[in-house]
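# Residue-level structural notes
Spelled out, the chains give:
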Amino acid sequence: MEKKTVLSAIQPTGDMHYGNYFGAVKNWVELQKKYTCFFGVVDYHAMTMPYSPKKLRENTWDFIINLLAVGVEPNNLFIQSLVPEHAELCWIFNCFTSYGQLTRMTQFKDKSQQAGGEDGFISAGLLDYPVLQAADILIYRADYVPVGKDQEQHLELTRNIAQRFNNQVGKEYFVLPESLYTETPKIASPADPNRKMSKSLGEKHYINVFGEENRVRKQVKSAVTDTGDTPEGEMSAGVANLFELLKAAESMQAYNSLMGDYESGALKYVDLKEAVADALAGLSNQFREKRQELNGNKKEVKNMVKASSEQIRKRAQETVRDVKELCGLINVKY
Ligand code: TRP
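Keep in mind it's a predicted model, so treat the numbers as computed, not measured.

Within the chain one finds 12 helices and 5 strands. Of all 334 residues assigned to the chain, the portion counted as buried reaches 48%. Within the chain, contacts between residues separated by at least 24 positions form 76% of all contacts whose residues are at least 6 apart in sequence. If you sum the accessible surface of the chain, you get close to 17200 Å²; carbon and sulfur atoms cover 49% of it. Separation of charge centres in the chain, based on 41 positive and 43 negative side chains, amounts to 5 Å.

Shown next as structure tokens:
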């Protein structure tokens, strides 16, 4: 049987933290074993909010290197703007998208509030963001999209666009993509275990995947264990987060033995923290080494990802050619 196709994409940000890694990227690495995968670093999407051009380019390359360092296969990786057909298909899809539905998107409402807060400027790109996302997915005729709950609405819109397109052109051209739910760990901030690990909360709130060993250990050691609001007999959010990290890092032996201690009331927080620090520092050391190696061959790495983007672009071009044919646009033979 032919392998099913998976598409996922991520916006380039400077660092990668353990929330990103355990919550999404590690899953990408796993999915590669079973599916034909397309993983995009979506720089066009990163322009929808106020941004710095210089930083965007830096972040895009840094993020590519980070993804490679943690085990994403170069052949599966592309940079969105190196496949400009995404933007072309987005335009075509705009004409198959309900304007009202776009204005009702939760992410648009949230982000337009943030964006508008600065100087009142909200780009049309921000409104159109989910249509570009639909193009990202449908251009590879993906069967599955591994997404979190927050992206479910965008996937629904993607299916609506595919359906409207199919109806209008009178052919079941696009398969309707489904979301692929995998139980991925939700990692909380070490400084505030009631909130998600996040870069935007500030330095104390995330642990960098490529952090120096000392820093990683220090951050684990200073993680909040008791917030004082835990009901009697329940595990506090901070302790639960440490156990979650241990499990996510696959330190099962330590996990089982410490969980045994917890259940018998003999758990010492220092032991738990020590085990988590060992697990994360071990991973970080390995990832940092790999990244250093990649950074030493930056030119080759860039060329490699440009080449894989070019390869992936061919599939995108096929789709766009079909689409233009189906919707009455003019194609040149190429
Ligand atoms: N919107 C996604 C996010 O904010 C990123 C994204 C862009 C994406 N295009 C996609 C995710 C296509 C899955 C499929 O996380």
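Let's shift gears to the site of the ligand. As a structural note, the neighbourhood of the ligand is formed by Leu7, Ala9, Val42, His45, Tyr129, Gln133, Asp136, Ile137, Val145 and Gln151. Against a free-state accessible area of 370 Å², the protein chains account for coverage of 86% of the ligand. Elements represented by at least two residues in the shell around the ligand include exactly strand 1 (5-10) and helix 6 (124-138). Residue contributions to the shell around the ligand peak at 4 residues, all from helix 6.

Throughout the structure, instances matching the rule amount to 14 salt bridges. In this structure, Glu58 and Lys54 form a salt bridge, with 3.3 Å as the shortest nitrogen-oxygen distance. Linking Glu58 with Lys54, this pair stays in helix 2 (residues 53-69), spanning 4 residues, or about one helical turn. Looking at Glu58, the relative accessible area reads 40%, which means it is partly exposed. Note that Arg217 is salt-bridged to Glu213, the shortest N-O span being 2.9 Å. Placement of the pair is Arg217 and Glu213 together in helix 8 (residues 213-221), with a separation of 4 residues, close to one helical turn. For Glu213, a relative accessible area of 27% translates into the label partly exposed. Three or more residues joined by partner-sharing salt bridges are found here, namely Glu152, Glu156 and Arg159.

This paragraph deals with the nonpolar core. Counting 58 residues, the largest nonpolar core has Tyr18, Phe22, Leu67, Leu272 and Leu280 as its most contacted members. With 9 residues, the single largest contributor to this core is helix 11 (residues 269-296). A domain-level breakdown of this core finds at least three residues from each of domain 1 (5-184 + 299-327) and domain 2 (199-293). The contact partners of Leu67, leaving out residues within four places of it in the chain, are Met16, Val25, Trp28, Val41, Val72 and Leu77.

Bringing the environment of Asn166 into the picture now. With respect to the element layout, Asn166 can be found in helix 7 (residues 152-169). Using a relative accessible area of 2% as the deciding quantity, one classes Asn166 as buried. Asn166 sits 155 residues away from Gln11 along the chain, and the two C-alpha atoms are 29 Å apart. Filtering out sequence-adjacent residues up to four positions away, Asn166 remains in contact with Lys171, Glu172, Tyr173 and Phe174.

Right, let's get into unusual backbone geometry. With the exception of glycine, the majority of residues adopt a negative phi angle, and the majority of peptide bonds are in the trans configuration. The backbone phi angle of Arg141 is positive, close to 45°, even though this residue is not glycine. Inspection of the secondary structure puts Arg141 in the loop between helix 6 and strand 4 (144-145). For Arg141, a relative accessible area of 24% corresponds to the partly exposed category.

This next bit is on the pairing of strand 1. Along strand 1, 5 of the 6 residues are buried, which leaves the element largely enclosed by surrounding structure. Examined bridge by bridge, strand 1 and strand 2 (residues 36-41) share 6 bridges and lie parallel to one another. Looking at strand 2, one finds that Ile10 is bridged to Val41.

The domains assigned to the chain are domain 1 (5-184 + 299-327) and domain 2 (199-293). When each unit is reduced to the centre of its C-alpha atoms, the spacing between domain 1 and domain 2 is 32 Å. With 12 residues of domain 1 at the interface, the matching set in domain 2 holds 16 residues. Along the contact surface separating domain 1 from domain 2 lie 1 salt bridge.

With that settled, the discussion passes to the side chain of Thr319. Within the secondary structure layout, Thr319 lies in helix 12 (residues 298-326). Within polar-contact distance, the side chain of Thr319 engages the side chain of Arg141 at 3.0 Å. Sequence-distant contacts of Thr319, that is, excluding residues within four places in its chain, are made with Leu138, Ile139, Arg141, Tyr173 and Phe174.

Rules used in this analysis
All residue numbers refer to positions counted from 1 along the written sequence of the respective chain. Only residues with pLDDT of at least 70 get local features here, since the model is predicted, and only at 80 or more are side-chain atom pairs given and counted; chain-wide, interface and lining totals rely on the full set of residues. Where side-chain values are given, they derive from all heavy atoms of the structure, hydrogens and water being excluded. Each helix is a run of H or I in the DSSP string that is no shorter than four residues. Each strand is a run of E no shorter than two, and both are numbered from the N terminus. Exposure categories follow from relative accessible area, calculated using a 1.4 Å probe and restricted to protein chains: below 20% of the type maximum is buried, above 50% is exposed, and the middle band is partly exposed. Whether two residues are in contact is decided by their heavy atoms, any of which lying within 4.5 Å being enough. Here the Shrake-Rupley method, with its probe set to 1.4 Å, supplies the accessible areas, and only the displayed protein chains count as covering residues. Charge counting treats Lys and Arg as positive and Asp and Glu as negative, with His and both chain ends excluded. A single reference atom marks each charge: NZ on Lys, CZ on Arg, CG on Asp, CD on Glu. One heavy atom within 4 Å of a molecule or strand is enough for the residue carrying it to be called near that molecule or strand. Should a side-chain nitrogen of Lys or Arg be within 4 Å of a carboxyl oxygen of Asp or Glu, the pair is scored as a salt bridge. Nonpolar cores were defined as sets of buried Ala, Val, Leu, Ile, Met, Phe, Trp, Tyr and Cys residues, with membership established by side-chain atoms within 4.5 Å. Start and end positions for the domains come from either an automated domain assignment or a database one. Criterion used throughout: strands pair if DSSP finds at least two bridges between them. Here a polar contact is recorded for every N or O atom pair within 3.5 Å, except that within protein the pair must consist of a potential hydrogen donor and a potential acceptor, and residues adjacent in sequence are included only if both atoms are side-chain atoms.

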